[in-house]
Amino acid sequence: QVQLVESGGGLAQAGGSLTLSCVASGTIFRIGAMRWYRQAPGKQRELVAGITSGGRTNYADSVKGRFTISRDNAKKMVYLQMNSLKPEDTAVYYCYADLFTYSSGSPVGYWGQGTQVTVSS
C-alpha cells in the first residue's frame, strides 16, 4: 500500500519554529515533485512550498524567507522547516508527492492525512 505519512505538527508560539516531516512508503521506485500544502479553517487549500526531484524549490510569497523545504530521496522523505512562525500560519499541513509505483507507468499524486500546526500569539 502506497501512502504518505506526515509528522511534526503541534503547537508553537509566534516567532518559534517547527519542522514537519513526510515519509513515503510502499512499492515506490521513484519520487517526482514533492510539495507541502496547508488549509486553514474556512479557507481553500494553498501551496506552501514545492521541491522537484532535482532539488529546485519554490515557495508561496507568504512564507519566503521563513520556511525551507528539503528532501532526502534515499529515505523517501520531504521536510518543511518553519521558522519565525506567525498566527496566520495556523492550518492543517498536507504533504503531496508524485509517486512512480511498479503498478503504474505514470506518476500518481498522493496526499498525506495532514498534520495540525497551531501558532499562538
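Read on for a plain summary of the structure. All residue numbers here refer to positions counted from 1 along the written sequence of the relevant chain. A pLDDT threshold of at least 70 governs which residues receive local features in this predicted model, and a stricter bar of 80 or more applies before side-chain atom pairs are shown or counted, although totals over entire chains, interfaces and linings include all residues. The basis for the side-chain values is all heavy atoms of the structure; hydrogens and waters are excluded.

1. Observations concerning the packing of aromatic side chains
Pairing of aromatic side chains requires ring centres within 6.5 Å, counting the rings of Phe and Tyr and the six-membered ring of Trp. Pairs whose planes differ by under 30 degrees are stacked, by over 60 edge-to-face, and all others tilted. For the structure on display, the rule yields six aromatic pairs. An angle of 55° between the planes, with centres 4.9 Å apart, marks the rings of Tyr 37 and Trp 111 as tilted. Placement of Tyr 37 in strand E4 (residues 28–39) and of Trp 111 in strand E10 (residues 108–111) is noted, with a sequence separation of 74 residues between them. Exposure classes here rest on a 1.4 Å probe applied to the protein chains alone. A residue is buried below 20% of its type maximum, exposed above 50%, and partly exposed in between. A relative accessible area of 39% means that Trp 111 is categorised as partly exposed. Chaining the aromatic ring pairs together yields one cluster made of Tyr 37, Tyr 94, Tyr 96 and Trp 111. The rule for a charge over a ring is simple: NZ of Lys or CZ of Arg within 6 Å of the ring centre, and within 35 degrees of the ring normal. Note that Arg 30 overlies the ring of Phe 100, its terminal NZ or CZ placed 4.5 Å from the centroid. The ring of Tyr 94 has Arg 45 lying over it, and the distance from NZ or CZ to the ring centre is 3.7 Å. Strands are runs of DSSP state E lasting at least 2 residues, helices are runs of H or I lasting at least 4, and numbering of each runs from the N terminus.

2. Topic: unusual backbone geometry
If you check the backbone angles, Lys 76 has positive phi at about 60° while not being a glycine. Within the secondary structure layout, Lys 76 lies in the loop between strand E7 (67–72) and strand E8 (77–82). In this model, Ser 84 sits at a positive phi of 50°, which is unusual for a non-glycine residue. Its place among the elements puts Ser 84 in the loop between E8 and strand E9 (91–101). Of the residues examined, Ser 84 reaches a relative accessible area of 39% and is grouped as partly exposed.

3. Examining the nonpolar core
Residues grouped as a nonpolar core are buried Ala, Val, Leu, Ile, Met, Phe, Trp, Tyr and Cys residues, joined through side-chain atoms within 4.5 Å. Trp 36, Leu 80, Met 82 and Tyr 93 are the most contacted members of the largest nonpolar core, which has 29 residues in total. Looking at this core, the elements that each hand over two or more residues are strand E3 (18–25), E4, strand E5 (46–51), E7, E8, E9 and strand E11 (115–120). Of the residues forming this core, the biggest block, five residues, is contributed by E9. Two residues form a contact once any of their heavy atoms are found within 4.5 Å. Other than its neighbours up to four places away in sequence, Tyr 93 contacts Glu 6, Leu 20, Trp 36, Tyr 37, Arg 38, Val 48, Phe 67, Leu 80, Met 82, Gly 114, Thr 115 and Val 117.

4. Overview of the side chain of Glu 6
Tracing the chain through its elements places Glu 6 in strand E1 (residues 3–7). Counted charges follow a simple rule, with Lys and Arg positive, Asp and Glu negative, and His plus the chain ends left uncounted. A pairing counts as a salt bridge when a side-chain nitrogen of Lys or Arg comes within 4 Å of a carboxyl oxygen of Asp or Glu. Buried Glu 6, no salt bridge; nearest opposite-charge side chain is Arg 45, N-O distance 7.7 Å. Pairs of N or O atoms within 3.5 Å make up the polar contacts considered here, provided that, within protein, one atom can donate a hydrogen while the other can accept it, and that residues adjacent in sequence are counted only when both atoms are side-chain atoms. Here Cys 95 takes part through its backbone nitrogen, which lies 2.7 Å from a polar atom of the side chain of Glu 6. A polar atom in the side chain of Glu 6 sits 3.0 Å from the backbone nitrogen of Gln 113. Every residue in contact with Glu 6, bar those within four places of it in the chain, is listed here: Ser 21, Cys 22, Trp 36, Tyr 93, Tyr 94, Cys 95, Gly 112, Gln 113, Gly 114 and Thr 115.

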